[in-house]
Amino acid sequence: MGMSVTISAATEQDAEQIFRLQYLCFQSEAALYGNYRIDPLVQTLDSVRAEVAADCVFVARLGEEVVGSVRGSLTADGAAAIGKLCVHPRLQGHGIGARLLRAAESALVEERGATKFRLFTGHRSEGNLRLYRKVGYEAVGTSKGADGVPMIVLEKPAGTYATTA
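So, a few notes on the structure that sits alongside this text. Here the structure is a predicted model, which is why all the values come from computation and not from measurement.

1. Remarks on the pairing of strand 2 (residues 56-62)
- For strand 2, the tally of buried residues reaches seven of seven residues, placing the bulk of the element in the interior.
- Where burial is concerned, the two faces of strand 2 agree: the one with C56, F58, A60 and L62 and the one with V57, V59 and R61 are both buried.
- With five bridges joining them, strand 1 (residues 5-9) and strand 2 adopt antiparallel strand pairing. Bridge pairing in strand 2 places A9 opposite F58.
- Where strand 2 meets strand 3 (residues 65-74), seven bridges bridge the pair, whose relative direction is antiparallel. The residue of strand 3 that forms the bridge with V59 is S69.
- Connecting strand 2 to the antiparallel partner strand 3 that follows it, the hairpin turn spans two residues, and G63 within it adopts a positive phi of roughly 65°.

The following block contains the structure:
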């Protein structure tokens, strides 16, 4: 019998596994854009540790292994900025990303008072766009990442978090 994936708040001890997983998962995004200087690939371990300490960070675990992660924080306008959602390549397509999103959305509303959710994804990232649309996000604009990658800005109202996944 196989183990099931559990979702929980990240702890300080998870930072290194999140860091390594993020580096693995965002290789395909970097290849898609021909840009290996995207933020998730150049972020430092200390920066990941700081985010785990300050933000709403959730992990998906298979046993003791961190196989997915997402981060969220509240912005000045009351929106929750959600980012760096990643799931280990061998486990993608099984709903883990949607479960991570739901956990982050719930915590951001209940613990931080978020009024809406906002996230950014690359304009060529069709798999990401499919997931975000499936769980209720709608494109509201475009921007350019600090790394130069054209991004699509997606949002959804906070009241819809419970119906995702």
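Picking up after the structure, the text goes on.
2. As for the pattern of salt bridges
- Under the defined criterion, the tally for this structure stands at eleven salt bridges.
- A salt bridge links E65 to R90; the shortest N-O distance between them is 2.7 Å. You can see E65 sitting in strand 3 and its partner R90 sitting in the loop between strand 4 (79-87) and helix 5 (96-110), a full 25 residues away along the chain.
- Residue E65 is classed as partly exposed on the basis of its relative accessible area, which comes to 29%.
- Classification of R90 by relative accessible area gives partly exposed; the value is 46%.

The rules behind each value
- One numbering rule holds for all chains: residues counted from 1, following each sequence as written.
- This being a predicted model, a pLDDT of at least 70 is required before a residue's local features are given, and a value of 80 or more before pairs of side-chain atoms are given or counted; all residues contribute to the totals for chains, interfaces and linings.
- Side-chain figures throughout are based on the complete set of non-hydrogen atoms in the structure, without hydrogens or water.
- The rule is simple: take the accessible area with a 1.4 Å probe, protein chains only, and divide by the maximum for that residue type; under 20% is buried, over 50% is exposed, in between is partly exposed.
- The helix and strand labels rest on DSSP assignments: H or I over at least four residues marks a helix, E over at least two residues marks a strand, and numbering proceeds from the N terminus.
- Pairing between strands is defined by DSSP: at least two bridges between the two strands are required.
- Here, a salt bridge means any side-chain nitrogen of Lys or Arg that lies within 4 Å of a carboxyl oxygen of Asp or Glu.

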